[in-house]
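# A structural walkthrough
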Amino acid sequence: MAKLSARERAELPDRAFAYIDAKGVRRLPINDEVHVRNALARFDRVAWDDDAARDRARQRLLNAAKRFGIMPVGFINRQLGPSGGRRAALPTGTVTFLLTDIEGSTSLLRQLGDDYAALLRDMRACTRKAVAAAGGHPVDSHGDEFFAVFERSDAAVLAAIDLFGALREWSWPSDVEVLVRAGIHGGRPTLTDTGYVGLSVHTVARICSVAHGGQIVVSSHAVDGDTPRGVRFRSLGEHRLVGLPKPEALYQVQAKGLRSRFPPLRI
């Protein structure tokens, strides 16, 4: 990798670095794709002032990776994956996954700049609270995505509904509109030391990706389970999702407080 000269480094703004230590030394440049990849590789070698500084740098680095279209899978597994002891507490057998993300997150990042990290922190706090209240378990979070697992499909549906209600009442910086979308699916994945592995994991990601902000889309896995009181499932038809072997029947969750009208799925 071509190194930055002292002059080039000095001309970069503070936002072009993932970390500025207590002495004002700017570390881990993230000004372009090459330097972001280098920062991902060097992250574990940095001596951090404290855990909070490390967390802030990690989030800035993940935001930069997303901006340049980099999917840092290995980095996420090292930095954000739960420890082996926590993995053991996650449910096995037939489980239900909930995946959420923010619609238009890149536009929000450009609009908010450094304030985007605070927005993500608030959104994750809301999501963790809703997941815990429904008896679920956080599995992973990176960028604007949050991945959780439940032993029952109705619990996953209730968690998503409660989350959307909480986010609707939240005061966001600069009065921006934050639209979260959610996908729910389940199966019998394999639990490894780096997380869940299996087709159901890929399927829930695809389901979330075709939804719109404010919309909860589920597979027949959720529909075939217990239906929470006051919840209805509106059929959206069968759709062939990218990379999956067969069409998937999809449904929209309808409940008090949720939007009911959306454009066609993003197939």
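Look a little higher up for the structure.
Treat the numbers as computed from the prediction; the structure is a model and nothing was measured.

### Comments concerning helix 9 (residues 199-210)
The first and last C-alpha atoms of helix 9 sit 17 Å apart over twelve residues, in line with the 16 Å expected at 1.5 Å per residue. Those residues of helix 9 that sit buried are S200, T203, V204, I207, C208 and V210. Viewed along the axis of helix 9, the buried residues span an arc of 165°, placing them on a single side of the element. Of the surrounding elements, those touching the buried residues of helix 9 are strand 3 (95-102), strand 5 (145-150), strand 6 (180-187), strand 9 (216-219) and strand 11 (248-254).

### Concerning the pattern of salt bridges
A complete count under the given rule lists eleven salt bridges for this structure. In this structure, K66 engages D144 in a salt bridge whose closest nitrogen and oxygen atoms are separated by 2.2 Å. Of the two residues, K66 is situated in helix 3 (residues 51-67) and D144 in the loop between strand 4 (137-142) and strand 5; the sequence distance between them amounts to 78 residues. Of the residues examined, K66 reaches a relative accessible area of 34% and is grouped as partly exposed. One network of salt bridges, with partners in common, ties together R152, D154 and D226.

### Some details on the packing of aromatic side chains
On inspection of all chains with the given rule, the structure shows three aromatic pairs. On the numbers, 5.0 Å between centres and 40° between planes, the contact of F97 with F147 is tilted. Placement of F97 in strand 3 and of F147 in strand 5 is noted, with a sequence separation of 50 residues between them. The class for F147 is buried, based on a relative accessible area of 13%. Considering the side-chain rings of W170 and W172, the 6.1 Å spacing of their centres and the 40° angle between planes classify their relative orientation as tilted. Its relative accessible area of 9% is what places W172 among the buried residues. Through a chain of ring-to-ring contacts, three or more aromatic side chains come together here, namely F97, F147 and Y196.

Conventions we followed
- Residues numbered from 1 in each chain as written.
- Predicted model: local features only at pLDDT ≥ 70, side-chain atom pairs only at ≥ 80, totals over all residues.
- Heavy atoms only, no water.
- Helix = DSSP H or I, 4+ residues; strand = E, 2+ residues; numbered from the N terminus.
- Expected span 1.5 Å × (residues − 1).
- Buried < 20%, exposed > 50% of the residue type's maximum accessible area, 1.4 Å probe, protein only.
- Arc of directions from axis to C-beta.
- Contact = heavy atoms within 4.5 Å.
- Salt bridge = Lys/Arg side-chain N within 4 Å of Asp/Glu carboxyl O.
- Phe/Tyr/Trp six-rings, centres within 6.5 Å; stacked < 30°, edge-to-face > 60°.

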